[in-house]
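Report on the structure
This is what each chain is made of:
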Amino acid sequence: MTMPDTISTDRIDPFSPWKLRTLELPNRFIKAATFEGHCKGGKPDREGLGAFHEAFAAGGTGLCTVSYGSIEPGGRTFNDQMCLQDDILDDLKEVTDRIHKHGAKTAIQLAHCGNSSKWSGWIGRRARGPSNGFNALGTFVGTPFARALKKPELAELTRQYRSAAERAIKAGFDAVELHMGHGYLLSQFLSPAVNKRKDEYGGCAENRARFPVEVLQAVRQGVGDAVPIIVKMNLRDGFRGGVEIKDSIVTARLLEANDADALVLSGGFSSKNAMYLFRGPTFVEELIKVQRRKIDKLVYRMARPVLKSQPFEELYFLELAKQLRTEVSLPLICVGGVQSLSSVHRALAEGYQAVQLGRALIHDPALVRHYQQGLKTESGCTVCNLCVAEMDRDGVRCVLNDALPARTLTE
Ligand SMILES: Cc1cc2nc3c(=O)[nH]c(=O)nc-3n(C[C@H](O)[C@H](O)[C@H](O)COP(=O)(O)O)c2cc1C
C-alpha cells in the first residue's frame, strides 16, 4: 500500500505550529506522559507537580502531558497515583495555569491499571481486568488475583472515563490522552494474551478493540467536538502471544474511524516486559533500593524477570510504526528514544506529525529551546533509566543533574 494522500511528504519543521483538531500548538514537541510521583495519597502536590511541568512549558515544549490520571480509585497501580475526582480540580487548575503562562498547552493522560495493581483498596478483593487471572504486582500485598469485569461494570467504567475527561477540561486541560498501551486496562483488552473473554469483547482483534473504542466514543461525547483526543497505544506488546502489528493496524483503523485525533505509537507491557517500552538498562535494583516497606522490596525482587534490560537505539519503534503509517491517515506521534535533534527530523520525515519526549526532557526540561536556539543538537540523557525509580522517592528527576548547578536546567 502507498502513502495515503492526506499525509504530507513535505519536510516538517519541528518548531512550526501544529493544529491538532482546534488546538493551536506552538510546535511539534510534546512532553510524554511520565508518572511524576507528585501525588501522595492520590492528591496532586500543587508545588511539586506544578513546578515539574512549568519547567517544560518554560523550556519551549508545546504540549505538556500530565500523568497519570486514574479514572476511578481502583484504577491506580499504586496508592500515590492521582485519581481524577472533583476534590483535586483546584489543585490541577493551578498546574494547568502554570503551564499556560508560558504559551504551552497541556493534556492529561487518562488511565486505569486494570488487573495489575498494588493499590491498598484491593486488599481482600480482586483487581479487575478483561479476564480472571493473576495480579502479580499485588501478590505480596494481599491481592494476588484479578477477576473478569462484568458487562455492567464495563458500562460503568466507560462513564467514569467520560466523567474524568470532563473534569480534566474543567481543570484547564486542552486535550486528553487515553492510555491504551503498556498493559494498562484498555491495553489488556486489546491483548490476546490477557483478554480471554468469550463474549463480544474478546476473540478477534475487532472484538478486543470494542471496549477501548466504546471508551473513546464516550470521552468524545463528554469533551465535545473541539477537544483533541490523543490515544497512546502499542504497536506490539513485545512478547509471544501479545498484540502484533496486524492487530494494532486493526485497532488504529477503528480509532481513526471513531474520531481519535492522533495516535502515540508505543509498545510493551508493564506486567510482562516493561523494558520493551523503555529499552536500555534495567532500573529494578534502584527501584528495590528506594522502597521503604519490606513488602514492596519483595514485590520488585520478584519482578526482576519482567524488568530485564533491553538494547536501546534512538527511535526504537520507528520500523514498526512505518508499517502502520501506510494504513491510516490520522496524525501519528513518535515516542521511544527521541533524543537527538536529528532523530526529531528523521521522525517527521518518516511520516510522524509530532514527537513525544520523556527521558530527554526529564534530563533537560529546556531541551526544546536549546534545540531551537542551536545551543544543543543532542540530549545529554544517557538513558540510564534511573529517573524511573525516582518516582518512588521524591518525584521523577534526572539523577545526572545532581552534579549540575540548578540554573543549567532551565536556561
Ligand atoms: C519516569 C517515567 C515515567 C513514565 N510514566 C508513564 C506513564 O505514566 N504513562 C505512560 O504512558 N508512559 C509512561 N512512561 C513512558 C514514556 O511515556 C515513554 O513512552 C517512554 O519513556 C519512551 O520515551 P522516551 O524514550 O522519550 O523516554 C514513563 C517513562 C518514564 C521515564
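Within each chain, residue numbers correspond to sequence positions counted from 1 in written order. Predicted model: local features are reported for residues with pLDDT of at least 70 only, side-chain atom pairs are reported and counted for 80 or more only, and whole-chain, interface and lining totals are derived from all residues. With hydrogens and water excluded, all non-hydrogen atoms of the structure serve as input to the side-chain values.

On to the site of the ligand, then. Here a residue counts as near a molecule or strand whenever at least one of its heavy atoms sits within 4 Å of it. Neighbouring the ligand are 22 residues, the closest being A33, S67, G337, G358 and R359. Whenever a nitrogen or oxygen atom comes within 3.5 Å of another N or O atom, the pair is scored as a polar contact, on the condition that within protein one atom can donate a hydrogen and the other can accept it, and that pairs from neighbouring residues in sequence are kept only if both atoms are in side chains. Here an oxygen atom of the ligand and a side-chain polar atom of R359 are 2.7 Å apart. The helix and strand labels rest on DSSP assignments: H or I over at least four residues marks a helix, E over at least two residues marks a strand, and numbering proceeds from the N terminus. Mapped onto the shell around the ligand, the elements with two or more residues apiece are helix 9 (275–278) and helix 16 (386–390). Basically, the charged four are Asp, Glu, Lys and Arg, the nonpolar ten are Ala, Val, Leu, Ile, Met, Phe, Trp, Tyr, Cys and Pro, and anything else, Gly included, counts as polar. Residues of the shell around the ligand, tallied by class, amount to twelve nonpolar, eight polar and two charged.

Okay, helix 3 (residues 151–170) next. Here a helix's expected span is defined as the number of its residues, less one, multiplied by 1.5 Å. Helix length check: helix 3, at 20 residues, gives a terminal C-alpha distance of 29 Å against a target of 28 Å (1.5 Å per residue), a fit within 8%. Burial in helix 3 covers these residues: E153, L154, L157, T158, Q160, Y161, A164, A165, R167 and A168. Positive phi appears at G172, one or two residues downstream of helix 3, with a value of about 100 degrees. Under the scheme applied here, a residue whose accessible area is under 20% of the maximum for its type counts as buried, over 50% as exposed, and between as partly exposed, the area being computed with a 1.4 Å probe on protein chains only.

Let us look at the nonpolar core. Soluble, globular proteins show a tendency: their nonpolar side chains are buried together. Only buried residues count toward a nonpolar core. Its members are Ala, Val, Leu, Ile, Met, Phe, Trp, Tyr and Cys residues joined through side-chain atoms within 4.5 Å. Within the largest apolar cluster, 103 residues are counted, with the highest numbers of intra-cluster contacts made by I108, L178 and L324. Residue contacts are defined here by distance: any two heavy atoms, one from each residue, within 4.5 Å place the two residues in contact. Non-local contacts of I108, meaning those with residues more than four positions away in its chain, are made with V66, G69, M82, L84, L92, A168, F173, A175, V176 and E177. One finds L20, A32, I230 and A354 within the second-largest nonpolar core, a separate group that totals 15 residues.

By definition, two strands form a pair when at least two bridges between them are found by DSSP. What the three strands build is an open sheet, ordered 7-9-8; its pairing is mixed. Each edge of the open sheet is held by one strand with a lone partner, namely strand 7 (127–129) and strand 8 (133–134). Bridging between strand 7 and strand 9 (residues 145–148) involves three bridges; their strand directions are parallel. Following the sheet pairing, A127 is matched in strand 9 by A146.

Here the focus is the state of the cysteines. The disulfide criterion is simple: two cysteine sulfur atoms within 2.5 Å. This model, assessed by the stated rule, comprises zero disulfides. In this structure C334 is a free cysteine whose sulfur lies 15 Å from that of C381, the closest cysteine sulfur available. Looking at the unpaired C384, the closest cysteine sulfur is the one in C398, lying at 6.2 Å.

Turning our attention to the layout of surface pockets. Residues are called lining when one of their atoms sits within 4 Å of a cavity or pocket point, these points coming from a 1 Å grid over the protein atoms alone, where a cavity is a set in which a 1.4 Å probe fits but cannot get out and a pocket is an open set with protein on both sides within 12 Å along at least five of seven lines. Grid points are joined across faces, edges and corners, and a volume is the space filled by probe spheres set on the points. Space inside the second largest pocket adds up to approximately 410 Å³. What lines the second largest pocket is a set of 19 residues, among which D80, K118, Q291, R293 and D296 lie closest to the centre.

What follows concerns the packing of helix 3 against helix 6 (residues 210–223). A packed helix pair is summarised by two numbers, namely the angle formed by the two axes and the spacing between the axes. Orientation of helix 3 relative to helix 6, taken along the N-to-C sense of each, is 40 degrees, at an axis distance of 8 Å. Note that helix 3 runs across helix 6; the crossing there is right-handed. Residues L154, L157, T158, Y161, R162, A165, E166 and I169 of helix 3 form the contact with helix 6, whose own contacting residues are F211, E214, V215, A218, V219, Q221, G222 and V223. Axis lines are fitted to C-alpha atoms, over the contacting stretch for helices. Their N-to-C directions set the angle, which ranges from 0 to 180 degrees. The handedness criterion is simple: a crossing whose near helix is rotated anticlockwise from the far helix by less than a right angle is left-handed, and one whose near helix is rotated clockwise is right-handed.

The salt bridge criterion pairs a side-chain nitrogen of Lys or Arg with a carboxyl oxygen of Asp or Glu, the two atoms within 4 Å. As enumerated under the stated definition, the model contains 38 salt bridges in all. Measuring nitrogen to oxygen at the nearest pair gives 3.0 Å for the salt bridge that ties D86 to R167. On the criterion of sequence distance, the pair formed by D86 in the loop between strand 5 (82–83) and helix 2 (89–100) and R167 in helix 3 is long-range, its members being 81 residues apart. A salt bridge links R159 to E156; the shortest N-O distance between them is 3.0 Å. Placement of the pair is R159 and E156 together in helix 3, with a separation of three residues, close to one helical turn. Overall, E156 belongs to the partly exposed group, its relative accessible area being 34%. Among the ionic contacts, a cluster of salt bridges with common partners joins R21, R220, D225, D259 and D261.

This brings us to the confidence of the model for the protein. Of all residues in the protein, 95% attain a pLDDT of 70 or more, and the chain-wide mean is 93. A residue's pLDDT is the predictor's confidence in that residue, given on a scale from 0 to 100. Contacts from residues 1–9, a stretch scored under 50 in pLDDT, to residues over four places away or in other chains number 15 contacts. Across residues 405–411 the pLDDT falls below 50, and counting only partners more than four positions away or on other chains, this stretch makes 13 contacts in the model.

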